[in-house]
Amino acid sequence: MRRLDRSARSFLPTHLSLPQLRQSAAGCTGCDLYKHATRTVFGEGVARSSIMFVGEQPGDQEDLAGHPFVGPAGKILDKALVEADIARRDVYVTNAVKHFKWEPQGKRRKHKKPSSTEIAACRPWLEAEIQVVKPRVIVCLGVTAAQSVFGKAVRLNELRGRPLSTPLAAIVFVTVHPSAVLRHPDPLERTREYQRFVEDLRSIREQLRSKAA
Ligand code: SF4
């Protein structure tokens, strides 16, 4: 990944703990995304969670609430976790980019995909979260998350559904972002895509259990 003039790196605290990281990230101006968002939305969950889910960026509701995965995509993730028998207490959820990027669409704030530069600028926060939480498995929800975790542009379909490894974690899985499930206009396709998402989570759970056995 190329060297950046600006990034979150200069905002990292000297002592890495989740409360310290959260506090420091609240004042991050490592790229321009902070200018139009309400607040930094940092990851949530307990240190030493077995699984870290990495999404793209906070959405409209997350930006207002200040918590990740509380909007429609978060509800899909919560439902799928229950169906895959993964305990929420074992899970840390975060995003590759910590500020909401959007463009106006009438009265709405429409989600806008973060650029490669913004993903790279925000990566130090994700690296620090991984260093503190030390998850056994990282799950990339969508291509932006995978780009951040792998440190390069990737194709989701080439990586989906099998265990991979990166310098950041021994086991990494890539699957879709739950918002992609919601976006399917056809209800039948939506159901199929949701089932496939749950199957991906089940295979991650199996992988964890086989490693623990
Ligand atoms: S998106 Fe990340 S790097 Fe950019 S200002 Fe927000 S926290 Fe900092």
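This text goes with the structure placed above it.
Here we summarise the structure given alongside this text. Fair warning: this is a prediction, and the values are worked out from it, not measured in the lab.

1. Structural notes on the overall build of the chain
Helix and strand counts for the chain stand at 8 helices and 7 strands. Radius of gyration (C-alpha) of the chain: 16 Å, near the 17 Å computed for a compact globule of 213 residues. In terms of principal-axis extent, the alpha carbons of the chain reach across some 45 × 40 × 30 Å. Residues classed as buried in the chain amount to 52% of the 213 residues present. In the chain, the share of contacts with a sequence separation of at least 24, taken over all contacts with a separation of at least 6, comes to 73%. Only carbon and sulfur atoms are counted for the fraction: they give 51% of the accessible area of the chain, which is about 10700 Å². Computed over 35 positive and 22 negative side-chain charges, the inter-centroid distance for the chain is 3 Å.

2. Observations regarding the site of the ligand
Within the structure, the ligand sits among Cys-28, Gly-30, Cys-31, Leu-33, Tyr-34, Val-97, Lys-98, His-99, Ala-121, Cys-122 and Trp-125. Across the shell around the ligand, the residue classes break down as 8 nonpolar, 2 polar and 1 charged.

3. So, helix H4 (residues 116–133)
Each α-helix turn comprises 3.6 residues. Residues three or four places apart therefore point the same way. When the terminal C-alpha atoms of H4 are compared, their 25 Å separation across 18 residues agrees well with the 26 Å that a helix rising 1.5 Å per residue should span. In terms of residue burial, H4 counts as a mostly covered element, since 14 of its 18 residues are buried. Two residues or fewer past H4, Lys-134 is found with a positive phi of approximately 50°.

4. Focus: the sheet that holds strand E2 (residues 91–95)
Reading across from one edge, E2-E1-E5-E7-E6 is the order of the 5 strands in this open sheet, with mixed pairing throughout. Edge positions in the sheet fall to E2 and strand E6 (164–166), since each of these pairs with one other strand and no more. In this sheet, neighbouring strand axes are inclined to one another by 30° on average, regardless of whether the strands run parallel or antiparallel.

5. Notes on the packing of aromatic side chains
Per the stated rule, a full pass over the model turns up 1 aromatic pair. Ring geometry for Phe-42 versus Trp-125: centroids 6.1 Å apart, planes at 85°, classification edge-to-face. Placement of the pair is Phe-42 in the loop between helix H1 (18–25) and strand E1 (51–55) and Trp-125 in helix H4, with a sequence separation of 83 residues. Overall, Trp-125 belongs to the buried group, its relative accessible area being 1%. Between Lys-98 and the ring centre of Phe-42, over which it is positioned, the NZ or CZ distance is 5.5 Å. Here the guanidinium or amino end of Arg-109 rests over the ring plane of Trp-102, the centre of that ring lying 5.4 Å away.

6. Thoughts on the pattern of salt bridges
One pass over the structure, following the stated rule, counts 18 salt bridges. Note that Asp-85 is salt-bridged to Arg-209, the shortest N-O span being 3.3 Å. Here Asp-85, found in the loop between helix H3 (72–83) and E2, pairs with Arg-209, found in helix H8 (residues 187–212); they are 124 residues apart in sequence, far enough to count as distant. Taking the relative accessible area as the measure of exposure, Asp-85 reaches 46% and is therefore partly exposed. Given a relative accessible area of 43%, Arg-209 falls into the partly exposed group. Residue Arg-160 is joined to Glu-193 by a salt bridge in which the shortest nitrogen-to-oxygen separation is 3.2 Å. Here the residue Arg-160 occupies a position in the loop between helix H6 (156–159) and E6, and Glu-193 occupies one in helix H8, the gap between them amounting to 33 residues. Per residue, the accessibility class of Arg-160 equals that of Glu-193, and both read buried. Among the charged side chains, a network of salt bridges with common partners joins Arg-6, Asp-32 and Lys-35.

7. Describing the environment of Gln-207
By the element assignment, Gln-207 lies in helix H8. Separated by 36 residues in the primary sequence, Gln-207 and Ile-171 have C-alpha atoms spaced 9.3 Å apart. In this view, Gln-207 contacts Pro-163, Ile-171 and Phe-173; residues no more than four positions away in its chain are not counted.

8. Comments concerning the nonpolar core
Judged by nonpolar contacts, the single largest core of 59 residues is most densely connected at Phe-53, Ile-138, Cys-140, Phe-150, Phe-197 and Leu-201. Among the elements that line this core, the one with the most residues is H4, at 9 residues. Once residues within four sequence positions are removed from consideration, Phe-197 is found in contact with Ile-76, Leu-77, Ala-80, Leu-141, Arg-160, Thr-175, Val-176, Pro-178 and Val-181.

9. Looking at the packing of H4 against helix H5 (residues 143–150)
Packing of H4 against H5 leaves a shortest axis separation of 9 Å and a crossing angle of 60°. The handedness of the crossing between H4 and H5 is right-handed. Listed contacts from H5 to Ser-116, Ile-119, Arg-123 and Leu-126 of H4 are Thr-144, Gln-147, Ser-148, Val-149 and Phe-150. Each residue belonging to the contact of H4 with H5 can be placed in one class, and the counts come to 4 nonpolar, 4 polar and 1 charged.

What counts as what
- Residues numbered from 1 in each chain as written.
- Predicted model: local features only at pLDDT ≥ 70, side-chain atom pairs only at ≥ 80, totals over all residues.
- Heavy atoms only, no water.
- Helix = DSSP H or I, 4+ residues; strand = E, 2+ residues; numbered from the N terminus.
- Rg over C-alpha atoms; globule rule 2.2 N^0.38 Å.
- Buried < 20%, exposed > 50% of the residue type's maximum accessible area, 1.4 Å probe, protein only.
- Contact = heavy atoms within 4.5 Å.
- Areas by Shrake-Rupley, 256 points an atom, 1.4 Å probe, with all protein chains shown as cover.
- Lys, Arg positive; Asp, Glu negative; His and termini not counted.
- Charge placed at Lys NZ, Arg CZ, Asp CG, Glu CD.
- Near = heavy atom within 4 Å.
- Nonpolar A, V, L, I, M, F, W, Y, C, P; charged D, E, K, R; others polar.
- Expected span 1.5 Å × (residues − 1).
- Pairing = 2+ DSSP bridges.
- Axes fitted to C-alpha atoms, helices over the stretch in contact; angles between N-to-C directions.
- Phe/Tyr/Trp six-rings, centres within 6.5 Å; stacked < 30°, edge-to-face > 60°.
- Lys NZ or Arg CZ within 6 Å of the ring centre and 35° of its normal.
- Salt bridge = Lys/Arg side-chain N within 4 Å of Asp/Glu carboxyl O.
- Core = buried A, V, L, I, M, F, W, Y, C linked by side-chain atoms within 4.5 Å.
- Left-handed = near helix turned anticlockwise from the far one by under 90°.

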